[in-house]
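Each chain, written out:
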Amino acid sequence: MRKNLFFVLTGPSGAGKSTLIKGIKEKFDLAFSVSHTTRAPREGEIEGRDYYFVEESVFEKMLKRGEFIEWTEVYGNKYGTTKKEVERLLRGEKDIVLDLDLRGALRAKTVFKDAIVIFIGTKSFEDLKERLRKRGEKDIEKRISLAKEAIDLIANFDYLVINGELESSLREVESIFVSEHLRTRNINLSKYKEDFFK
Ligand code: ADP
Ligand code: 5GP
């Protein structure tokens, strides 16, 4: 009766997208879309779980072969979602979660069928800077300059979660997931009818 939905988390780097996805995965049976990136792994990141880490030349070859359903370049690194990854996830029955930059998120509704896009922000610019500092980010200035532009794009997305206290943000994201599954357009109504008259 339930359809599998596409959820996209977007927002400035350091707002807490990965942290929230990790938290939600503990409660919901979700399939995370693992992107390819030319960025070097951060401490604790695992190949194939967080990203597929590839050399620039490999990424370029994949790009030429048309392997990406969408891709972007941010903070001097390339990131992309392969058709293969999305097809693999669509074969399953789980909701699919993507972590995309703002450009990817703006295109998400056309690229990924009926994607539900959640903007993850912080209460203030200072909070964002502090989180990037805490993560040991080297290119803070680059990441911060994009964050300023991000604020004017929020109206393009479906939801805004201001990630202050982590537990309450997690509850907010969870409630979005639950509510979206109650929308009539996200329910297989013919299956419901079939079961009702059984
Ligand atoms: P993003 O994936 O959006 O770039 P991360 O999930 O990597 O951001 O979070 C950036 C940093 O902020 C990490 O060090 C993370 O532990 C921390 N963080 C995330 N959410 C919170 C929160 N609600 N309160 C305090 N720190 C947080
Ligand atoms: P980070 O280096 O902090 O992991 O990610 C940098 C940015 O790239 C984040 O905004 C993240 O959402 C975005 N990103 C990661 N993978 C992809 C992808 O496959 N496509 C797009 N469009 N953005 C991605």
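Residues numbered from 1 in each chain as written. Chains lettered and ligands numbered in written order. Predicted model: local features only at pLDDT ≥ 70, side-chain atom pairs only at ≥ 80, totals over all residues. Heavy atoms only, no water.

Peer 1: Just to check I follow, could you spell out the pairing of strand E5 (residues 68–74) for this structure?
Peer 2: Consecutive residues of a regular strand have side chains that alternate between opposite faces of the sheet. Pairing of E5 with strand E6 (residues 77–82) involves six bridges; the strand directions are antiparallel. Across the sheet, residue Glu 73 finds its bridge partner in E6, namely Lys 78. Following E5, the chain reverses through two residues before pairing antiparallel with E6; Tyr 75 in that reversal takes a positive phi of roughly 50°. (Pairing = 2+ DSSP bridges. Helix = DSSP H or I, 4+ residues; strand = E, 2+ residues; numbered from the N terminus.)

Peer 1: Help me understand the site of ligand 1 in this model?
Peer 2: In the vicinity of ligand 1 lie 14 residues, with Gly 14, Ser 18, Thr 19, Arg 135 and Gly 164 positioned nearest. One nitrogen or oxygen atom from the main chain of Ala 15 is found 3.4 Å from an oxygen atom belonging to ligand 1. Note that a nitrogen atom of ligand 1 is positioned 2.8 Å from one of the side-chain N or O atoms of Asn 163. Alone, ligand 1 offers 570 Å² of accessible surface; in the complex the protein occludes 79% of this. Every element with two or more residues in the shell around ligand 1 is listed here: helix H1 (17–27) and helix H5 (125–134). Counting residues per element, the shell around ligand 1 draws most heavily on H1, at three residues. Here the residues of the shell around ligand 1 are counted per class, giving three nonpolar, seven polar and four charged. (Near = heavy atom within 4 Å. Polar contact = N/O pair within 3.5 Å; in protein donor to acceptor, adjacent residues only side chain to side chain. Areas by Shrake-Rupley, 256 points an atom, 1.4 Å probe, with all protein chains shown as cover. Nonpolar A, V, L, I, M, F, W, Y, C, P; charged D, E, K, R; others polar.)

Peer 1: Would you mind going over the packing of H5 against helix H6 (residues 140–150) with me for this structure?
Peer 2: Between two packed helices, what matters for the description is the angle formed by their axes and the separation of those axes. One way to put it is that H5 packs onto H6 with a least axis distance of 11 Å and a crossing angle of 150°. Judged by the angle between their axes, H5 and H6 are roughly antiparallel. By crossing handedness, the relation of H5 to H6 is classed as right-handed. Of the residues in H6, those in contact with Phe 125, Leu 128, Lys 129, Leu 132 and Arg 133 of H5 are Ile 140, Glu 141, Arg 143, Ile 144, Ala 147 and Lys 148. Its residues assigned to classes, the contact of H5 with H6 shows six nonpolar, no polar and five charged. (Axes fitted to C-alpha atoms, helices over the stretch in contact; angles between N-to-C directions. Parallel < 35°, antiparallel > 145°, perpendicular 65-115°, else oblique. Left-handed = near helix turned anticlockwise from the far one by under 90°. Contact = heavy atoms within 4.5 Å.)

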